[in-house]
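These are the residues of each chain, in order.
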Amino acid sequence: MFSFRQPAHRLAGTALPVFIVAFFEESVAGYAIALGATVFFEATDWFDGFVARMTDSVSDLGKLLDPLCDTLSRFTIFLTFLAAGIAPLWMIICLFYRDMMVAYSCRVGAAKRRSDECP
């Protein structure tokens, strides 16, 4: 069951707001904080799954929502780049579709193998 009381869920939502605010500071320190938040986000993506497995809080819903939330978080970062004029729209669209295809083709493959693991 989904609950923000579980450590895995608390970790997952911390870095994205920090990234957005820091990025739009438009300073060297802001960009450094945004980069750190992105690294932190990617690290917690791995770590929240690890914590969920160690605390036996893995759920079928979490297996579906984790790749979706990861994709949406990355897409938000890409949209931030678009809004700042750093990346063109066509590139953001390509990155979004690529990320979605990788995440969900893995899920479909795991379902066909009746396995919970994506390679």
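Anything mentioned here points back to the structure above.
Residues numbered from 1 in each chain as written. Predicted model: local features only at pLDDT ≥ 70, side-chain atom pairs only at ≥ 80, totals over all residues. Heavy atoms only, no water.

1. Things to note about the pattern of salt bridges
Move 1: Tallied over the full model, the rule gives 3 salt bridges.
Move 2: Its salt-bridge partner being R74, residue E42 comes within 2.9 Å of it at the nearest N-O pair. With E42 in helix α3 (residues 28-54) and R74 in helix α4 (residues 60-83), this residue pair connects regions lying 32 residues apart in the sequence.
Move 3: Here the salt bridges do not stand alone but share partners, grouping E42, R74, R98 and D99 into one network. (Salt bridge = Lys/Arg side-chain N within 4 Å of Asp/Glu carboxyl O. Helix = DSSP H or I, 4+ residues; strand = E, 2+ residues; numbered from the N terminus.)

2. Some details on helix α2 (residues 15-23)
Move 1: All of the buried residues in α2 are A15, L16, F19, A22 and F23. All buried residues of α2 lie within an arc of 140° about the axis, which places them on one face of the element.
Move 2: Buried residues along α2 sit against α3 and α4. (Buried < 20%, exposed > 50% of the residue type's maximum accessible area, 1.4 Å probe, protein only. Arc of directions from axis to C-beta. Contact = heavy atoms within 4.5 Å.)

3. Side note on the nonpolar core
Move 1: A15, L16, F19, A22, F23, A34, A37, F41 and I77 together form the largest nonpolar core, which totals 9 residues.
Move 2: Of all the secondary structure elements, the ones that give two or more residues to this core are α2 and α3. (Core = buried A, V, L, I, M, F, W, Y, C linked by side-chain atoms within 4.5 Å.)

4. Notes on the packing of aromatic side chains
Move 1: Applying the stated criterion across every chain yields a total of 10 aromatic pairs.
Move 2: Pairing F23 with Y31 gives two aromatic rings, centres 5.4 Å apart and planes at 55°, and the pair type is tilted.
Move 3: Their ring planes at 45° and their centres at 4.4 Å tell us that F75 and F96 sit as a pair that is tilted. Here F96 lies in helix α5 (residues 89-113) and F75 lies in helix α4, a separation of 21 residues in the sequence.
Move 4: Here the aromatic residues F19, F23, F24, Y31 and F81 are joined through ring pairs into a cluster of three or more. (Phe/Tyr/Trp six-rings, centres within 6.5 Å; stacked < 30°, edge-to-face > 60°.)

5. Describing the environment of I20
Move 1: Within the element layout of this structure, I20 appears in helix α2.
Move 2: Considering only alpha carbons, one finds I20 and G30, 10 residues apart in sequence, at a separation of 9.6 Å.
Move 3: With residues up to four places along the chain from it excluded, the contact list for I20 reads T76 and T80.

6. Re the environment of D48
Move 1: Checked against the element boundaries, D48 lands in helix α3.
Move 2: According to the relative accessible area criterion, D48 is buried, its value standing at 8%.
Move 3: Separated by 18 residues in the primary sequence, D48 and D66 place their C-alpha atoms 9.6 Å from one another.

7. As for α3
Move 1: Here α3 is 27 residues long and its end C-alpha atoms lie 38 Å apart, about the 39 Å a rise of 1.5 Å per residue gives.
Move 2: Its axis deflected by about 25° at T44, α3 carries its strongest bend there.
Move 3: Burial in α3 covers these residues: G30, A34, A37, F41, T44, D45, D48, G49, V51 and A52.
Move 4: Positive backbone phi, approximately 55°, marks D56, located one or two places after α3. (Expected span 1.5 Å × (residues − 1). Bend = angle between axes of the 7 residues up to and from the residue.)

8. Brief notes about the side chain of T80
Move 1: One can find T80 in helix α4.
Move 2: Within polar-contact distance, the side chain of T80 engages the backbone oxygen of T76 at 2.8 Å.
Move 3: Those residues in contact with T80, other than ones at most four positions away along the chain, are F19, I20, F23 and F24. (Polar contact = N/O pair within 3.5 Å; in protein donor to acceptor, adjacent residues only side chain to side chain.)

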